[in-house]
Amino acid sequence: SLIKKPIPISIDIEQEYDLQDILNLKQTTLEFLVKKAQQEKAIFQKGKPRFTYVFLVAQIVILLFMELMGGSTNSATLIKFGAKFNPLMLEGEWWRFFTPIFLHIGFLHLFMNSLALFYMGPLVERIFGNVRFVLIYLFAGFLGTLASFVTNPNLSAGASGAIFGCFGALLYFGVVYPKLFFRTMGANILFVIGLNLVFGFTVQGIDNAG
């Protein structure tokens, strides 16, 4: 029988590529990596986080005014400042689909939502730009109020719907740029979303529809 043996192949790199070719290849690779890094960096620089801080200041100032006018946990004060109140909304007060986004019931409620907005808002605003961030925040807040209006007759307020809209925007970013998402923020975002969902379904008084 025949015995097959591999044929040794020896390639002299110096015969195939000279030093200049190797240097050019290294330079091309380096330029590619730098360009890729710049492109990824540019994704996070579409807008400076201005409106995040505008929304933060607005909800803090409004809560302080509510405390002076009767208390942020007082139902009459909440209604006066524009909380979600179905009877008045059915009478035509459509602005109550938006004003609850900036109202909070008590300092703990304000602190939790402000903390989430402080850490997440700048990221969303840098990725999507200022105008899109405002549209995402307000539209998600409106949908949250609408869902609460349809499913829950109780008085309610808060920025949770808008904040979950920001979560949704980041998840969309993860779908478009999955590798970059999981390399930079993915695990943390998924953990915080899960934590909020658990918190929402285990703590009484939270409007989960919103």
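Procedures and definitions
- Residues numbered from 1 in each chain as written.
- Predicted model: local features only at pLDDT ≥ 70, side-chain atom pairs only at ≥ 80, totals over all residues.
- Heavy atoms only, no water.
- Axes fitted to C-alpha atoms, helices over the stretch in contact; angles between N-to-C directions.
- Helix = DSSP H or I, 4+ residues; strand = E, 2+ residues; numbered from the N terminus.
- Left-handed = near helix turned anticlockwise from the far one by under 90°.
- Contact = heavy atoms within 4.5 Å.
- Nonpolar A, V, L, I, M, F, W, Y, C, P; charged D, E, K, R; others polar.
- Phe/Tyr/Trp six-rings, centres within 6.5 Å; stacked < 30°, edge-to-face > 60°.
- Buried < 20%, exposed > 50% of the residue type's maximum accessible area, 1.4 Å probe, protein only.
- pLDDT = per-residue confidence, 0-100.

1. Concerning the packing of helix α6 (residues 107–128) against helix α8 (residues 160–176)
Okay, so step 1: Where α6 contacts α8, the axes come no closer than 9 Å and their chain directions differ by 35°. Here α6 runs over α8; the crossing is left-handed. Contact with α6, carried on its side by H109, N113, A116, L117, M120, L123, V124, I127 and F128, involves S160, I163, C166, F167, A169, L170, Y172 and F173 of α8 and no other residues of that element.
Okay, so step 2: For the contact of α6 with α8, the class distribution of residues is 14 nonpolar, 3 polar and no charged.

2. Focus on the packing of aromatic side chains
Okay, so step 1: All told, the structure shown has 14 aromatic pairs when counted by the stated rule.
Okay, so step 2: With a centroid separation of 5.2 Å and an interplanar angle of 85°, the aromatic rings of F118 and Y119 are classed as edge-to-face.
Okay, so step 3: Classification of Y119 as exposed rests on a relative accessible area of 60%.
Okay, so step 4: Judged by centre distance (5.3 Å) and plane angle (40°), the rings of F173 and Y177 are tilted.
Okay, so step 5: Residue classification places F173 among the buried residues on the basis of a relative accessible area of 3%.
Okay, so step 6: Judged by relative accessible area, which is 36%, Y177 ranks as partly exposed.
Okay, so step 7: Each residue in the set F97, F98, F139, F142 and F149 is aromatic and connected to the rest through ring pairs, giving one cluster.

3. Some thoughts on the confidence of the model for the chain
Okay, so step 1: The pLDDT averaged across the chain works out to 83; a share of 78% of its residues lies at or above 70.
Okay, so step 2: The least confident element of the chain is helix α1 (residues 13–16), whose mean pLDDT is 52; the most confident is helix α3 (residues 51–68), at 96.

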